[in-house]
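# Structural description and commentary
The primary structure of each chain is shown beneath.
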Amino acid sequence: MAGALLARKMAAGKKRVDHVAWQIEVATNEEWEELTKLQGLVVVDVYSEWCGPCTAMASHLKEIKLQLGDDFLHCALAKADCIGQLSKFRSRSEPTWLFLAGGEPVALIRGANAPLIRKTLLAELQTEKEVLEGTRQRVSLSWDSFDLPNSNPETEETNQDVELTTAPDNWLELDGLTLKGSYRLILDKLVEALTEKNLPIAARSAVSLDKKDCLILWFPSTVEDESLAEWFDHTIKSLIAEVEPKTVHEEGTEDELTENTEGLELEEKTEPTDENPSSAEANAEESEYQPIEFHLIADPDEKEALIKQLEKESTEDGENAENETPTVEEVAEEAEEKQPEEEEPIENLDKIVEEELVKDVTESAE
């Protein structure tokens, strides 16, 4: 069915908007106006020229488009720099997805969230079909309702030091480097090396992986080649060698040690005293050092697996925190248990005191 639809589109003749290609490119106000006249749902990747469209999502959208083979679904690229109605989307690096129906926006998604985009696409496509059949009324958004944070390539670098608690929205467009252990000791020099390599940090994620604290450095995806992996391996290992404790391990048999120590007067070991605090501090630093682990994640499948693991561990941490948090009833019960027990009143206190006085007087008389 998809082939028949494409064949009919190819026979449609000359049109300024290309219906043959699975994705329509729009770069002028006139092309934008024609795009908004299309019947059905239009999914638009709105981008700025300095940043470019979201290439990571292209394969996902193409797959959906070809699988559905639906003539009411259109995918488009729109350069915000040249289109007046998209002026507020200019100078932005974050992927922005605009869903149009009847020439009006019906949904907006920021970030390369593939599952959310797919879910929204299918739902809005079905809704628009019902609208065209007359069984449902279209609900549109106002162009002035979009509240977009300011984004500018000149000021965007100020957000690079902010550590997220999850992956960035546009993780599909980025490669990741996971760091565990005492990675803070090499972080500054590593960031400098990445910048010199033309791999500026786009985002940082401070997360938990395999129950260990982990920092993920995200940088723009590059063409996969072995030389880049080798560069990471060489660079990071060199930085680790500069900071890891220098521990010398000497191996030898008991006979060799005995032979080497014969005739030598061995000094007794003494415990470190306060007179040499620098040595104690150095030993403390060595004991706190954790081996630095790193792993480059560039393969799309590996990135997707990482995101799923982050979501899973985040959910588990949330459930654990919820289980550890006492309920209102538990707090009230614990507070009640801690309250001191009230002493029961002594009955006939006056009579008891009188009997004790009489007893004391009698004993004194005797």
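Predicted model, so just to flag it, every value in this text is computed and none were measured.

The element strand β7 (residues 174-180) is largely enclosed, with a buried count of seven among its seven residues. Taking every second residue as pointing to the same face, both faces of β7 are buried, with L174, G176, T178 and K180 on one and D175, L177 and L179 on the other. Note: β7 against strand β10 (residues 293-297), five bridges, orientation antiparallel. Across the sheet, T178 pairs through a bridge with H295, a residue of β10.

Every buried residue of helix α5 (residues 187-196) is listed here: L187, L190, V191, A193 and L194. Down the axis of α5, the smallest arc covering the buried residues is 160°, so these residues share one side. Among the exposed residues of α5, those oriented more than 90 degrees off its buried face are D188, E192 and E196. Taken from the residues just after α5, N198 is the one with a positive phi, measuring 65°.

This part covers the packing of aromatic side chains. A complete count under the given rule lists two aromatic pairs for this structure. When the centroid spacing of 5.6 Å and the interplanar angle of 25° are considered together, the rings of F219 and F232 count as stacked. Of this pair, F219 sits in strand β9 (residues 212-220) while F232 sits in helix α6 (residues 226-243), and the two are 13 residues apart along the sequence. Each member of the pair, F219 together with F232, is buried. Judged by centre distance (5.1 Å) and plane angle (80°), the rings of W231 and F232 are edge-to-face.

Here the protein averages 74 in pLDDT, while 63% of its residues score no lower than 70. The low-confidence segment residues 149-160, where pLDDT is below 50, has 14 contacts with residues more than four positions distant or belonging to other chains. Low pLDDT, under 50, characterises residues 248-253; the stretch is placed with one contact to residues that sit more than four places away or in other chains.

Moving on, we come to the nonpolar core. Membership of the largest hydrophobic core comes to 35 residues, with the highest contact counts inside it found for L41, M57, W97, F99, L121, W218 and L310. In terms of nonpolar packing, the next biggest core, distinct from the first, is built from 22 residues, L177, L179, L187 and I240 among them.

Of note in the backbone geometry, D210 takes a positive phi value of approximately 55° without being a glycine. Along the chain, the position of D210 falls in the loop between β8 (203-209) and β9. Look at D210 and you get partly exposed, because its relative accessible area is 47%. In the Ramachandran plot, K211 falls in the positive-phi region, its phi being about 65° despite a non-glycine side chain. K211 sits in the exposed class, given a relative accessible area of 58%.

Another point: the pairing of strand β3 (residues 73-79). Among the seven residues in β3, seven count as buried, and that is most of the element. Alternating positions in β3 separate into two faces, L73, C75, L77 and K79 on one and H74, A76 and A78 on the other, with burial throughout. Note: strand β1 (residues 23-26) against β3, four bridges, orientation parallel. Within the sheet, the bridge partner assigned to V26 lies in β3 and is A78. Following the backbone out of strand β2 (residues 41-47), through helix α3 (residues 55-68) and into the adjacent parallel β3, one traces a crossover that is right-handed.

Once that is clear, we can look at the sheet that holds strand β5 (residues 104-110). Read across the sheet, five strands follow the order β1-β3-β2-β4-β5 without closing on themselves; strand pairing throughout is mixed. Each having just a single partner strand, β1 and β5 make up the two edges of the open sheet. Across the sheet, the mean angle separating the axes of adjacent strands is 25° when strand polarity is ignored. Examined bridge by bridge, β2 and β3 share seven bridges and lie parallel to one another.

Time to look at helix α2 (residues 29-36). Given 3.6 residues per helical turn, the α-helix brings residues three or four places apart onto the same face. Residues of α2 that are buried include every one of W32, L35 and T36, and no others. Viewed end-on, α2 has its buried residues packed into an arc of 95°, placing them on one side of the element.

Volume-wise, the second largest pocket comes out at about 530 Å³. Where the lining of the second largest pocket is concerned, the elements lending two or more residues are α3, α4 (114-133) and α9 (300-324). Top contributing element to the lining of the second largest pocket by residue count: α3, with seven residues. Its residues assigned to classes, the lining of the second largest pocket comprises 14 nonpolar, four polar and seven charged.

Definitions and cut-offs
- Residues numbered from 1 in each chain as written.
- Predicted model: local features only at pLDDT ≥ 70, side-chain atom pairs only at ≥ 80, totals over all residues.
- Heavy atoms only, no water.
- Buried < 20%, exposed > 50% of the residue type's maximum accessible area, 1.4 Å probe, protein only.
- Helix = DSSP H or I, 4+ residues; strand = E, 2+ residues; numbered from the N terminus.
- Pairing = 2+ DSSP bridges.
- Arc of directions from axis to C-beta.
- Phe/Tyr/Trp six-rings, centres within 6.5 Å; stacked < 30°, edge-to-face > 60°.
- pLDDT = per-residue confidence, 0-100.
- Contact = heavy atoms within 4.5 Å.
- Core = buried A, V, L, I, M, F, W, Y, C linked by side-chain atoms within 4.5 Å.
- Right-handed = clockwise from strand over helix to strand, strands pointing away.
- Axes fitted to C-alpha atoms, helices over the stretch in contact; angles between N-to-C directions.
- 1 Å grid on protein atoms, 1.4 Å probe; cavity = no way out; pocket = protein on both sides within 12 Å on 5 of 7 lines; lining within 4 Å.
- Points joined across faces, edges and corners; volume = space filled by probe spheres on them.
- Nonpolar A, V, L, I, M, F, W, Y, C, P; charged D, E, K, R; others polar.

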